[in-house]
Amino acid sequence: MSRPLFSPFKIKSLELPNRIAMAPMTRSFSPGGVPGSDVADYYARRAAGGVGLIITEGTTVDRGGASNDEKVPNFHEAEALEGWGNVAKAVHAENGKIAPQIWHQGMMRKPGTGPHPEAMSDSPSGLTHTGKQVQDAPSDADVDDMVMAFANAAGEAKRLGFDCVEIHGAHGYLIDQFFWDRMNIRDGRFGGSLPERATFAADIIRETRKAVGDDMPIILRFSQWKQQEYTARLAETPEELGAFLNVFADAGVDMLHCSQRRYWEPEFPELDGENGLNCAGWAKKLTGLPTITVGSVGLSSDFFGAFAGEGSAARSLDDLEERLDRQEFDLVAVGRALLHDPDWAAKIRDGRHEELEDYDGKSLMSLT
(Lines give C-alpha, C1' and ligand atoms only; values in the text may rest on other atoms or scores of the structure.)
Protein backbone atom coordinates (compact mmCIF):
# COMPACT_ATOMS: atom_id res chain seq x y z
CA MET A 1 0.00 0.00 0.00
CA SER A 2 1.31 3.46 -0.83
CA ARG A 3 2.21 5.70 2.08
CA PRO A 4 1.51 9.43 1.64
CA LEU A 5 4.30 10.27 4.08
CA PHE A 6 6.81 8.59 1.76
CA SER A 7 5.57 9.88 -1.58
CA PRO A 8 7.83 12.25 -3.56
CA PHE A 9 7.34 16.01 -3.68
CA LYS A 10 8.60 18.63 -6.13
CA ILE A 11 8.49 22.40 -6.13
CA LYS A 12 10.57 24.37 -8.61
CA SER A 13 14.15 23.03 -8.46
CA LEU A 14 13.56 21.14 -5.19
CA GLU A 15 12.80 17.41 -5.51
CA LEU A 16 12.23 15.40 -2.33
CA PRO A 17 11.87 11.63 -1.92
CA ASN A 18 9.31 11.97 0.87
CA ARG A 19 7.20 14.46 2.83
CA ILE A 20 9.33 14.59 6.01
CA ALA A 21 11.18 17.80 6.86
CA MET A 22 13.45 18.37 9.83
CA ALA A 23 12.02 21.32 11.72
CA PRO A 24 14.43 24.13 12.65
CA MET A 25 15.65 23.88 16.25
CA THR A 26 18.10 26.25 17.96
CA ARG A 27 21.13 24.29 19.17
CA SER A 28 23.85 26.88 20.10
CA PHE A 29 26.78 24.63 19.24
CA SER A 30 28.60 27.05 16.90
CA PRO A 31 31.24 28.97 18.91
CA GLY A 32 31.83 32.41 17.49
CA GLY A 33 28.83 31.90 15.22
CA VAL A 34 30.76 29.38 13.10
CA PRO A 35 29.29 25.90 12.46
CA GLY A 36 31.99 23.24 12.67
CA SER A 37 32.35 19.65 11.54
CA ASP A 38 30.15 18.48 14.42
CA VAL A 39 27.27 20.61 13.08
CA ALA A 40 27.84 19.23 9.57
CA ASP A 41 27.81 15.66 10.90
CA TYR A 42 24.65 16.36 12.94
CA TYR A 43 22.67 17.40 9.88
CA ALA A 44 24.22 14.76 7.62
CA ARG A 45 23.07 12.02 10.03
CA ARG A 46 19.45 13.16 9.61
CA ALA A 47 19.83 13.14 5.83
CA ALA A 48 21.30 9.64 5.99
CA GLY A 49 18.40 8.69 8.27
CA GLY A 50 15.84 9.39 5.57
CA VAL A 51 14.71 12.99 6.13
CA GLY A 52 13.49 14.53 2.88
CA LEU A 53 14.35 18.16 3.65
CA ILE A 54 16.65 19.47 6.38
CA ILE A 55 15.67 22.94 7.62
CA THR A 56 18.53 24.17 9.77
CA GLU A 57 18.43 25.90 13.11
CA GLY A 58 17.95 29.64 12.94
CA THR A 59 20.98 31.39 11.41
CA THR A 60 21.37 35.10 12.04
CA VAL A 61 21.58 37.91 9.51
CA ASP A 62 24.20 40.65 9.38
CA ARG A 63 22.74 43.09 11.91
CA GLY A 64 24.53 43.79 15.18
CA GLY A 65 21.48 43.09 17.34
CA ALA A 66 20.34 39.96 15.51
CA SER A 67 21.56 37.43 18.11
CA ASN A 68 21.65 37.05 21.89
CA ASP A 69 24.15 34.18 21.86
CA GLU A 70 27.62 33.99 20.32
CA LYS A 71 27.12 30.24 19.88
CA VAL A 72 24.12 30.72 17.60
CA PRO A 73 25.40 30.34 14.03
CA ASN A 74 25.63 33.32 11.69
CA PHE A 75 24.82 33.32 8.01
CA HIS A 76 27.32 36.06 7.21
CA GLU A 77 31.08 36.60 7.54
CA ALA A 78 33.56 34.40 5.71
CA GLU A 79 34.33 31.78 8.36
CA ALA A 80 30.69 31.11 9.21
CA LEU A 81 29.75 30.91 5.53
CA GLU A 82 32.57 28.47 4.87
CA GLY A 83 31.21 26.35 7.72
CA TRP A 84 27.72 26.40 6.24
CA GLY A 85 29.12 25.44 2.86
CA ASN A 86 30.63 22.36 4.52
CA VAL A 87 27.26 21.57 6.12
CA ALA A 88 25.52 21.69 2.73
CA LYS A 89 28.18 19.44 1.18
CA ALA A 90 27.85 16.92 4.02
CA VAL A 91 24.06 16.75 3.62
CA HIS A 92 24.33 16.43 -0.15
CA ALA A 93 26.86 13.61 0.27
CA GLU A 94 24.04 11.68 1.99
CA ASN A 95 21.65 12.52 -0.88
CA GLY A 96 19.81 15.00 1.32
CA LYS A 97 18.34 18.43 0.62
CA ILE A 98 18.87 21.41 2.91
CA ALA A 99 17.58 24.93 3.56
CA PRO A 100 19.03 27.45 6.01
CA GLN A 101 16.51 29.18 8.23
CA ILE A 102 17.35 32.87 8.11
CA TRP A 103 16.62 34.62 11.40
CA HIS A 104 16.74 37.83 13.41
CA GLN A 105 15.65 37.86 17.06
CA GLY A 106 14.54 41.48 17.17
CA MET A 107 13.41 42.60 20.61
CA MET A 108 13.57 39.03 21.90
CA ARG A 109 17.31 39.71 22.15
CA LYS A 110 18.05 41.71 25.27
CA PRO A 111 20.35 44.72 24.78
CA GLY A 112 23.91 44.04 25.85
CA THR A 113 23.85 40.34 24.91
CA GLY A 114 25.26 38.33 22.04
CA PRO A 115 28.35 38.78 19.90
CA HIS A 116 27.75 42.54 19.57
CA PRO A 117 26.60 43.70 23.02
CA GLU A 118 27.03 47.34 22.00
CA ALA A 119 24.36 47.07 19.26
CA MET A 120 20.73 48.05 19.70
CA SER A 121 18.04 45.39 19.33
CA ASP A 122 16.11 45.95 16.11
CA SER A 123 12.35 46.35 16.27
CA PRO A 124 9.40 47.79 14.35
CA SER A 125 8.58 50.51 16.89
CA GLY A 126 11.01 50.30 19.82
CA LEU A 127 8.38 48.53 21.95
CA THR A 128 8.63 45.39 24.04
CA HIS A 129 5.91 42.74 23.84
CA THR A 130 4.23 44.43 26.81
CA GLY A 131 3.98 47.69 24.86
CA LYS A 132 6.73 49.46 26.79
CA GLN A 133 8.74 52.01 24.79
CA VAL A 134 12.43 51.26 25.40
CA GLN A 135 14.06 52.83 22.35
CA ASP A 136 13.25 54.97 19.34
CA ALA A 137 11.45 53.45 16.39
CA PRO A 138 13.72 52.78 13.42
CA SER A 139 13.49 54.93 10.31
CA ASP A 140 12.20 53.48 7.05
CA ALA A 141 15.82 53.44 5.87
CA ASP A 142 16.79 51.36 8.92
CA VAL A 143 13.98 48.94 8.13
CA ASP A 144 15.10 48.72 4.52
CA ASP A 145 18.57 47.74 5.77
CA MET A 146 17.01 44.96 7.87
CA VAL A 147 15.24 43.73 4.74
CA MET A 148 18.48 43.59 2.81
CA ALA A 149 20.23 41.70 5.62
CA PHE A 150 17.78 38.83 5.07
CA ALA A 151 18.10 38.98 1.28
CA ASN A 152 21.89 39.06 1.43
CA ALA A 153 21.93 35.94 3.60
CA ALA A 154 19.63 34.18 1.14
CA GLY A 155 21.96 35.12 -1.69
CA GLU A 156 24.83 33.51 0.19
CA ALA A 157 22.75 30.35 0.59
CA LYS A 158 22.29 30.23 -3.17
CA ARG A 159 26.03 30.72 -3.71
CA LEU A 160 26.87 27.95 -1.24
CA GLY A 161 24.65 25.41 -2.99
CA PHE A 162 21.71 25.18 -0.60
CA ASP A 163 18.51 23.81 -2.13
CA CYS A 164 16.05 26.40 -0.83
CA VAL A 165 15.77 29.00 1.93
CA GLU A 166 13.40 29.53 4.83
CA ILE A 167 12.68 32.98 6.27
CA HIS A 168 11.82 32.88 9.98
CA GLY A 169 8.69 34.99 10.44
CA ALA A 170 7.26 33.23 13.50
CA HIS A 171 7.27 32.95 17.30
CA GLY A 172 7.64 36.60 18.29
CA TYR A 173 10.98 37.29 16.59
CA LEU A 174 11.73 40.33 14.42
CA ILE A 175 9.56 39.65 11.36
CA ASP A 176 6.70 38.46 13.54
CA GLN A 177 7.06 41.62 15.64
CA PHE A 178 6.18 43.61 12.54
CA PHE A 179 3.03 41.49 12.18
CA TRP A 180 1.92 42.00 15.79
CA ASP A 181 -0.10 45.14 16.52
CA ARG A 182 1.18 45.17 20.10
CA MET A 183 4.75 45.75 18.91
CA ASN A 184 4.21 47.49 15.56
CA ILE A 185 2.51 50.87 15.89
CA ARG A 186 4.18 52.50 12.90
CA ASP A 187 1.97 55.08 11.23
CA GLY A 188 3.61 55.03 7.81
CA ARG A 189 4.93 52.29 5.59
CA PHE A 190 5.27 48.91 7.37
CA GLY A 191 2.45 49.80 9.81
CA GLY A 192 -1.34 49.87 9.86
CA SER A 193 -3.68 46.92 9.26
CA LEU A 194 -2.44 43.33 9.40
CA PRO A 195 -1.86 43.14 5.61
CA GLU A 196 0.00 46.46 5.82
CA ARG A 197 2.13 45.17 8.70
CA ALA A 198 3.02 42.23 6.44
CA THR A 199 4.83 44.65 4.08
CA PHE A 200 8.16 44.10 5.87
CA ALA A 201 8.12 40.35 5.20
CA ALA A 202 6.81 40.90 1.67
CA ASP A 203 9.75 43.19 0.94
CA ILE A 204 12.11 40.51 2.30
CA ILE A 205 10.52 37.93 -0.01
CA ARG A 206 10.82 40.19 -3.05
CA GLU A 207 14.48 41.05 -2.33
CA THR A 208 15.22 37.41 -1.57
CA ARG A 209 13.79 36.43 -4.94
CA LYS A 210 16.18 38.84 -6.63
CA ALA A 211 19.06 37.28 -4.68
CA VAL A 212 18.27 33.60 -5.32
CA GLY A 213 16.69 33.66 -8.77
CA ASP A 214 13.40 32.31 -10.05
CA ASP A 215 13.88 28.57 -9.51
CA MET A 216 15.07 28.35 -5.89
CA PRO A 217 12.11 27.88 -3.53
CA ILE A 218 11.50 30.42 -0.77
CA ILE A 219 9.69 29.25 2.38
CA LEU A 220 8.19 31.60 4.96
CA ARG A 221 7.55 30.30 8.46
CA PHE A 222 4.79 32.05 10.39
CA SER A 223 2.74 31.45 13.50
CA GLN A 224 -0.32 32.87 15.16
CA TRP A 225 1.13 32.13 18.63
CA LYS A 226 4.11 33.92 20.16
CA GLN A 227 6.66 32.74 22.68
CA GLN A 228 5.52 35.66 24.79
CA GLU A 229 1.84 34.71 24.46
CA TYR A 230 0.75 31.25 23.38
CA THR A 231 -2.87 32.31 22.88
CA ALA A 232 -2.07 35.22 20.54
CA ARG A 233 -3.79 35.27 17.14
CA LEU A 234 -2.80 37.58 14.32
CA ALA A 235 -5.94 36.65 12.39
CA GLU A 236 -9.24 35.92 14.11
CA THR A 237 -11.06 34.71 10.99
CA PRO A 238 -10.21 32.89 7.75
CA GLU A 239 -10.86 36.12 5.87
CA GLU A 240 -8.26 37.94 7.94
CA LEU A 241 -5.80 35.06 7.60
CA GLY A 242 -6.27 35.00 3.83
CA ALA A 243 -5.73 38.74 3.46
CA PHE A 244 -2.54 38.42 5.51
CA LEU A 245 -1.05 35.36 3.79
CA ASN A 246 -1.87 36.47 0.27
CA VAL A 247 0.46 39.43 0.77
CA PHE A 248 3.27 36.86 0.80
CA ALA A 249 1.82 34.89 -2.10
CA ASP A 250 1.68 38.10 -4.15
CA ALA A 251 5.30 38.87 -3.18
CA GLY A 252 6.41 35.52 -4.61
CA VAL A 253 6.82 33.13 -1.69
CA ASP A 254 6.68 29.48 -2.73
CA MET A 255 5.67 27.66 0.46
CA LEU A 256 4.28 28.48 3.91
CA HIS A 257 5.59 26.72 7.02
CA CYS A 258 2.69 27.00 9.45
CA SER A 259 3.84 26.63 13.04
CA GLN A 260 1.43 25.21 15.59
CA ARG A 261 2.22 23.82 19.00
CA ARG A 262 0.10 20.72 18.16
CA TYR A 263 -0.47 19.95 14.50
CA TRP A 264 -3.83 18.19 15.08
CA GLU A 265 -5.56 21.24 16.56
CA PRO A 266 -8.01 23.04 14.25
CA GLU A 267 -7.13 26.63 13.46
CA PHE A 268 -10.73 27.86 13.66
CA PRO A 269 -12.61 25.35 15.85
CA GLU A 270 -15.42 27.84 16.28
CA LEU A 271 -16.20 27.37 12.57
CA ASP A 272 -15.64 23.70 11.81
CA GLY A 273 -15.23 21.93 15.14
CA GLU A 274 -12.49 19.76 16.53
CA ASN A 275 -11.87 17.98 13.20
CA GLY A 276 -11.45 21.14 11.16
CA LEU A 277 -8.46 22.19 9.09
CA ASN A 278 -5.29 22.98 10.97
CA CYS A 279 -3.23 26.11 10.32
CA ALA A 280 -1.40 24.59 7.34
CA GLY A 281 -4.69 23.37 5.92
CA TRP A 282 -6.28 26.79 6.08
CA ALA A 283 -3.15 28.46 4.69
CA LYS A 284 -3.18 26.15 1.66
CA LYS A 285 -6.91 26.59 1.13
CA LEU A 286 -6.70 30.39 1.31
CA THR A 287 -3.59 30.91 -0.85
CA GLY A 288 -3.27 27.82 -3.04
CA LEU A 289 0.37 27.53 -1.95
CA PRO A 290 1.99 24.31 -0.70
CA THR A 291 2.29 24.21 3.08
CA ILE A 292 4.30 22.50 5.80
CA THR A 293 2.57 21.42 9.01
CA VAL A 294 4.45 21.12 12.29
CA GLY A 295 3.79 20.70 15.99
CA SER A 296 4.54 17.79 18.34
CA VAL A 297 4.79 15.16 15.59
CA GLY A 298 6.16 11.87 16.90
CA LEU A 299 6.75 12.76 20.53
CA SER A 300 4.74 10.19 22.45
CA SER A 301 4.51 6.44 22.94
CA ASP A 302 0.95 6.70 21.64
CA PHE A 303 2.22 8.09 18.36
CA PHE A 304 4.84 5.35 18.02
CA GLY A 305 2.23 2.75 18.84
CA ALA A 306 0.06 4.17 16.09
CA PHE A 307 2.66 3.22 13.50
CA ALA A 308 2.41 -0.34 14.79
CA GLY A 309 -1.39 -0.24 14.50
CA GLU A 310 -1.87 -0.67 18.22
CA GLY A 311 -5.36 -0.05 19.51
CA SER A 312 -6.98 3.37 19.58
CA ALA A 313 -3.63 5.09 19.25
CA ALA A 314 -3.77 4.27 15.51
CA ARG A 315 -5.71 7.48 14.96
CA SER A 316 -2.48 9.47 15.39
CA LEU A 317 -0.93 7.84 12.32
CA ASP A 318 -4.17 7.61 10.41
CA ASP A 319 -4.90 11.29 11.01
CA LEU A 320 -1.50 12.46 9.78
CA GLU A 321 -1.46 10.25 6.69
CA GLU A 322 -5.11 10.84 5.82
CA ARG A 323 -4.54 14.61 5.92
CA LEU A 324 -1.54 14.25 3.63
CA ASP A 325 -3.50 11.96 1.33
CA ARG A 326 -6.32 14.49 0.93
CA GLN A 327 -3.69 17.21 0.42
CA GLU A 328 -4.63 19.31 3.42
CA PHE A 329 -0.90 20.12 3.58
CA ASP A 330 2.17 18.93 1.70
CA LEU A 331 5.08 18.36 4.08
CA VAL A 332 5.33 17.35 7.74
CA ALA A 333 8.07 18.95 9.83
CA VAL A 334 9.40 16.85 12.71
CA GLY A 335 11.38 18.51 15.48
CA ARG A 336 12.29 16.96 18.81
CA ALA A 337 11.72 13.37 17.66
CA LEU A 338 14.44 13.86 15.03
CA LEU A 339 16.67 15.72 17.47
CA HIS A 340 16.49 12.66 19.73
CA ASP A 341 16.89 10.07 16.97
CA PRO A 342 18.56 10.82 13.62
CA ASP A 343 17.11 7.58 12.18
CA TRP A 344 13.49 8.39 13.12
CA ALA A 345 12.35 8.76 9.49
CA ALA A 346 14.00 5.53 8.34
CA LYS A 347 12.49 3.61 11.26
CA ILE A 348 9.03 4.88 10.37
CA ARG A 349 9.60 4.11 6.67
CA ASP A 350 10.86 0.58 7.34
CA GLY A 351 8.29 -0.32 9.97
CA ARG A 352 10.89 -0.63 12.74
CA HIS A 353 8.44 0.77 15.27
CA GLU A 354 9.85 -1.35 18.08
CA GLU A 355 13.07 0.71 17.84
CA LEU A 356 11.32 4.05 18.38
CA GLU A 357 11.87 5.84 21.69
CA ASP A 358 10.09 8.63 23.50
CA TYR A 359 11.81 11.98 23.27
CA ASP A 360 14.28 12.68 26.10
CA GLY A 361 15.21 16.28 26.89
CA LYS A 362 18.80 15.16 27.53
CA SER A 363 19.16 15.12 23.74
CA LEU A 364 19.42 18.90 23.89
CA MET A 365 22.76 18.65 25.66
CA SER A 366 24.72 17.39 22.66
CA LEU A 367 24.76 17.11 18.86
CA THR A 368 23.92 13.41 18.59
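Residues numbered from 1 in each chain as written. Predicted model: local features only at pLDDT ≥ 70, side-chain atom pairs only at ≥ 80, totals over all residues. Heavy atoms only, no water.

Explain the overall build of the protein chain to me, please; I cannot follow it from the model alone.
Counting its regular elements, the protein chain contains 13 helices and 10 strands. Since a compact globule built from 368 residues should have a radius of gyration of about 21 Å, the 20 Å found for the protein chain is in line with a globular shape. The dimensions of the protein chain, computed from C-alpha atoms along their principal axes, are 60 × 50 × 40 Å. Sorting the 368 residues of the protein chain into buried and exposed places 59% on the buried side. A separation of at least 24 residues holds for 73% of the contacts in the protein chain among residues at least 6 apart in sequence. In the protein chain, the 38 positive side-chain charges and the 57 negative ones have mean positions that sit 1 Å from each other. (Helix = DSSP H or I, 4+ residues; strand = E, 2+ residues; numbered from the N terminus. Rg over C-alpha atoms; globule rule 2.2 N^0.38 Å. Buried < 20%, exposed > 50% of the residue type's maximum accessible area, 1.4 Å probe, protein only. Contact = heavy atoms within 4.5 Å. Lys, Arg positive; Asp, Glu negative; His and termini not counted. Charge placed at Lys NZ, Arg CZ, Asp CG, Glu CD.)

Can you walk me through the pairing of strand 10 (residues 331-334) in this structure?
Regular strands have side chains that alternate between both faces of the sheet. Neither face of strand 10 is open: one carries L331 and A333, the other V332 and V334, and all of them are buried. As paired elements, strand 3 (residues 20-22) and strand 10 share 3 bridges and run parallel to each other. Paired with I20 across the two strands is V332, which belongs to strand 10. (Pairing = 2+ DSSP bridges.)

I tried to follow the packing of aromatic side chains on my own but got confused; where do I start?
Centre distance and the angle of the planes are the two values used to describe a pair of aromatic rings. Tallied over the full model, the rule gives 16 aromatic pairs. On the numbers, 5.9 Å between centres and 35° between planes, the contact of F75 with W84 is tilted. Ring plane angle 70° and centroid distance 5.7 Å describe the contact between F75 and F162, whose orientation is recorded as edge-to-face. Placement of the pair is F75 in the loop between strand 4 (53-60) and helix 2 (78-93) and F162 in the loop between helix 3 (140-160) and strand 6 (165-171), with a sequence separation of 87 residues. An identical accessibility class is assigned to F75 and F162; each is buried. (Phe/Tyr/Trp six-rings, centres within 6.5 Å; stacked < 30°, edge-to-face > 60°.)

What is the right way to look at the pairing of strand 8 (residues 255-259) in this model?
Across the 5 residues of strand 8, 5 count as buried, placing the element largely inside the fold. Side chains M255, H257 and S259 of strand 8 all project onto a buried face; the interleaved residues L256 and C258 project onto the opposite face, where all are buried too. Where strand 8 and strand 9 (residues 291-294) come together, 4 bridges link them in parallel fashion. The residue bridging C258 from the neighbouring strand is T293, located in strand 9.

Looking at this structure, how should I read the packing of helix 2 against helix 3?
Helix-helix packing is characterised by the crossing angle of the two axes and by the distance between the axes. Here helix 2 crosses helix 3 at 50°, and the two axes come no closer than 10 Å. Judged on the interaxial angle alone, helix 3 and helix 2 are oblique. The hand of the helix 2/helix 3 crossing is right-handed. Within the contact between the two elements, helix 2 uses L81, W84, G85 and A88 and helix 3 uses E156, R159 and L160. (Axes fitted to C-alpha atoms, helices over the stretch in contact; angles between N-to-C directions. Parallel < 35°, antiparallel > 145°, perpendicular 65-115°, else oblique. Left-handed = near helix turned anticlockwise from the far one by under 90°.)

Any chance you could explain the packing of helix 3 against helix 6 (residues 199-212) here in plain terms?
One way to put it is that helix 3 packs onto helix 6 with a least axis distance of 8 Å and a crossing angle of 35°. The two elements helix 3 and helix 6 meet at a crossing, and its hand is right-handed. Residue-level inspection shows V143, M146, V147, M148, F150, A151, A154, G155 and K158 of helix 3 in contact with helix 6, the latter providing F200, D203, I204, E207, T208, A211 and V212.

Sorry, what's going on with the sheet that holds strand 10 here?
In any sheet, the strands associate via hydrogen bonds between backbone groups, in a parallel or an antiparallel arrangement. Sheet architecture is closed into a barrel: 8 strands sit in the order 3-4-5-6-7-8-9-10, paired in parallel fashion. On average, adjacent strands in this sheet sit at an angle of 25° to one another, irrespective of strand direction. In the sheet, strand 6 pairs with strand 7 (residues 218-226) via 6 bridges, with the strands oriented parallel. If you follow G169 over to strand 7, its bridge partner there is F222. Across the face of the sheet, helix 2 comes into contact with strand 4 and strand 5 (97-103) while running at roughly 150° to strand 5. Set on the sheet, helix 6 makes contact with strand 6 and strand 7; between it and strand 7 the angle comes to about 155°.

Would you explain the pattern of salt bridges in this entry?
Side chains carrying opposite charge are able to pair once their charged atoms draw close together. Applying the stated criterion across every chain yields a total of 24 salt bridges. The salt bridge involving E156 is made with R159; its shortest N-O contact spans 2.7 Å. Here the residue E156 and the residue R159 both occupy positions in helix 3, the gap between them amounting to 3 residues, near one helical turn. D330 is the salt-bridge partner of K284, the closest N and O atoms lying 3.0 Å from each other. Here the residue K284 occupies a position in helix 9 (residues 279-287), and D330 occupies one in the loop between helix 11 (314-325) and strand 10, the gap between them amounting to 46 residues. Accessibility assignment for this pair places K284 and D330 in one class, buried. Counted as one network, the salt bridges with shared partners bring together D144, R189, D203 and R206. (Salt bridge = Lys/Arg side-chain N within 4 Å of Asp/Glu carboxyl O.)

I keep staring at the nonpolar core and nothing clicks. Help me out?
When a protein is soluble and globular, its nonpolar side chains tend to lie buried together. One finds F200, F244, F248 and W344 to be the most contacted residues of the largest nonpolar core, which totals 89 residues. Looking at which element gives the most residues to this core, the answer is helix 3, with 9 residues. What F200 contacts, discounting residues up to four positions off in sequence, is V143, M146, V147, L174, I175, F178 and F190. Listed in part, the 16 residues of the second largest apolar core include F9, L16, A99 and I292. (Core = buried A, V, L, I, M, F, W, Y, C linked by side-chain atoms within 4.5 Å.)

Got a minute to help me understand helix 3 in this structure?
What sets the pattern is the α-helix's 3.6 residues per turn: residues three or four places apart point alike. Helix length check: helix 3, at 21 residues, gives a terminal C-alpha distance of 31 Å against a target of 30 Å (1.5 Å per residue), a fit within 8%. Regarding helix 3, the residues found buried are V143, M146, V147, A149, F150, A151, A153, A154, G155, A157 and L160. Just downstream of helix 3 lies G161, where phi reads positive at about 95°. (Expected span 1.5 Å × (residues − 1).)

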